[in-house]
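Structural characterization, general
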Amino acid sequence: MRACLAALAGGLLLTGGCTEAETEQRLAEPVTVEGDAIPAPLGGETGDAARGRVVFVDREQGHCVLCHQVDGLDAEFQGNVGPALTGLGDRLDPAQIRLRVADAQRIWPDTVMPSYYRVYGLNQVGEEYRGEPALTARQIEDLVAWLAALKTEGNEDG
Ligand code: HEC
């Protein structure tokens, strides 16, 4: 199926008119971005919500609590540089959450939020010099599973 994609606000302009879904090149693996979402799980991983909560809080992993607060989450410190993510699953589906975590700068070019699956200089340097993304595919899929389950009704384990 051919998809005619609207360019994201502030995102890359698609050249050559409406073609197949754009294949993103700046992430740690080629991904297909559709609208404001990445429909397919990164790395073919299956996320685990319990692990995702740990990634969210752990300083050595995502440490998302530096900027985000979630009601009911047991964490010593929760920042407010970013929006509260309480009930996120009511507003965004997993594919939308995946793009925001993997490549926030694609949606908000000037954001302070890191693009966790982005690698830099992919087109300039050889494969062997490519940086590792800040989070692995599995860590991001775990985050997606946990965040998508944050609903204001019947709240999941926070
Ligand atoms: C340095 C601060 C910072 C860190 C660290 C950070 N974020 Fe963000 N995040 C933001 C800001 C700011 C926004 C809002 C986008 C904007 O306007 O810049 C945002 C937006 C989001 C959104 C979209 C929320 C919505 O309501 O649409 C999600 C989802 C998100 N962040 C998840 C995460 C996850 C998961 C992590 C950890 C892996 C993380 N963030 C780490 C600052 C941060």
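Quick summary incoming for the structure in this document. (Residues numbered from 1 in each chain as written. Predicted model: local features only at pLDDT ≥ 70, side-chain atom pairs only at ≥ 80, totals over all residues. Heavy atoms only, no water.)

1. So, the coordination of the iron atom of the ligand
Selection rule: Distances define the donors: N, O and S atoms within 2.8 Å of the metal qualify, as do those within 3.2 Å of Na, K or Ca. Water is excluded, so some sites may look unfinished. Tetrahedral means four donors with every angle between 85 and 135 degrees, whereas square planar (four donors) and octahedral (six donors) require angles over 155 degrees between opposite donors and between 65 and 115 for all others; sites fitting neither are termed irregular. Numbering goes from the N terminus for both helices and strands, where a helix is a DSSP run of H or I of at least four residues and a strand is a run of E of at least two. For the exposure calls, accessible area comes from a 1.4 Å probe over protein chains only, and a residue counts as buried if that area is under 20% of its type's maximum, exposed if over 50%, partly exposed in between.
On the protein side, the iron atom of the ligand has His 68 (NE2) and Met 113 (SD) as donor atoms, found 2.0 to 2.2 Å from it. Angles of 85 to 177° at the metal separate the six donor atoms of the iron atom of the ligand, which places the site in the octahedral class. Of the two residues, His 68 sits in the loop between helix 1 (49-57) and helix 2 (88-91) while Met 113 sits in the loop between helix 4 (104-107) and helix 5 (137-148), which places them 45 residues apart along the sequence. Taking relative accessible area as the criterion, His 68 reaches 10% and is therefore assigned buried.

2. Quick word on the site of the ligand
This is how the line gets drawn: We call a residue near a molecule or strand as soon as one heavy atom of that residue lies within 4 Å of the molecule or strand. Each polar contact in these results corresponds to two N or O atoms within 3.5 Å; when the atoms are within protein, one needs to be able to donate a hydrogen and the other to accept it, and residues that are neighboring in sequence are counted only if both atoms are side-chain atoms. A cavity here means a set of 1 Å grid points, computed over protein atoms only, where a 1.4 Å probe fits but cannot escape. A pocket is an open set with protein on both sides within 12 Å along at least 5 of 7 lines, and lining residues have an atom within 4 Å of a point. Think of it this way: a molecule belongs to a cavity or pocket when more than half its atoms come within 2 Å of the grid points there. Basically, the charged four are Asp, Glu, Lys and Arg, the nonpolar ten are Ala, Val, Leu, Ile, Met, Phe, Trp, Tyr, Cys and Pro, and anything else, Gly included, counts as polar.
Contacts to the ligand come from 20 residues, most closely from Cys 64, Cys 67, His 68, Thr 111 and Met 113. In this structure, His 68 approaches the ligand through a side-chain N or O atom, which is 2.8 Å from a nitrogen atom. Between the ligand and Thr 111 there is a distance of 2.5 Å, counted from an oxygen atom to a side-chain nitrogen or oxygen. When atoms are counted within 2 Å of each cavity's grid points, the one that captures over half of the ligand is the largest pocket. Counting residues per element, the ones that place at least two in the shell around the ligand are helix 2, helix 3 (94-102) and helix 5. Looking at the shell around the ligand residue by residue, the class counts come to 15 nonpolar, three polar and two charged.

3. A few points about helix 5
Here is the rule we go by: By this rule the span expected of a helix is its residue count minus one, scaled by 1.5 Å. Residue contacts follow a heavy-atom distance rule, with two residues in contact if any of their heavy atoms lie within 4.5 Å.
The end-to-end C-alpha distance of helix 5 is 16 Å, a good match for the 16 Å that 12 residues give at a rise of 1.5 Å each. When you tally the buried positions in helix 5, you get 10 out of 12 residues, the bulk of the element. Taken as a whole, helix 5 has its buried residues at Ala 137, Gln 139, Ile 140, Glu 141, Asp 142, Leu 143, Val 144, Trp 146, Leu 147 and Ala 148. Buried residues along helix 5 sit in contact with helix 1, helix 2 and helix 3.

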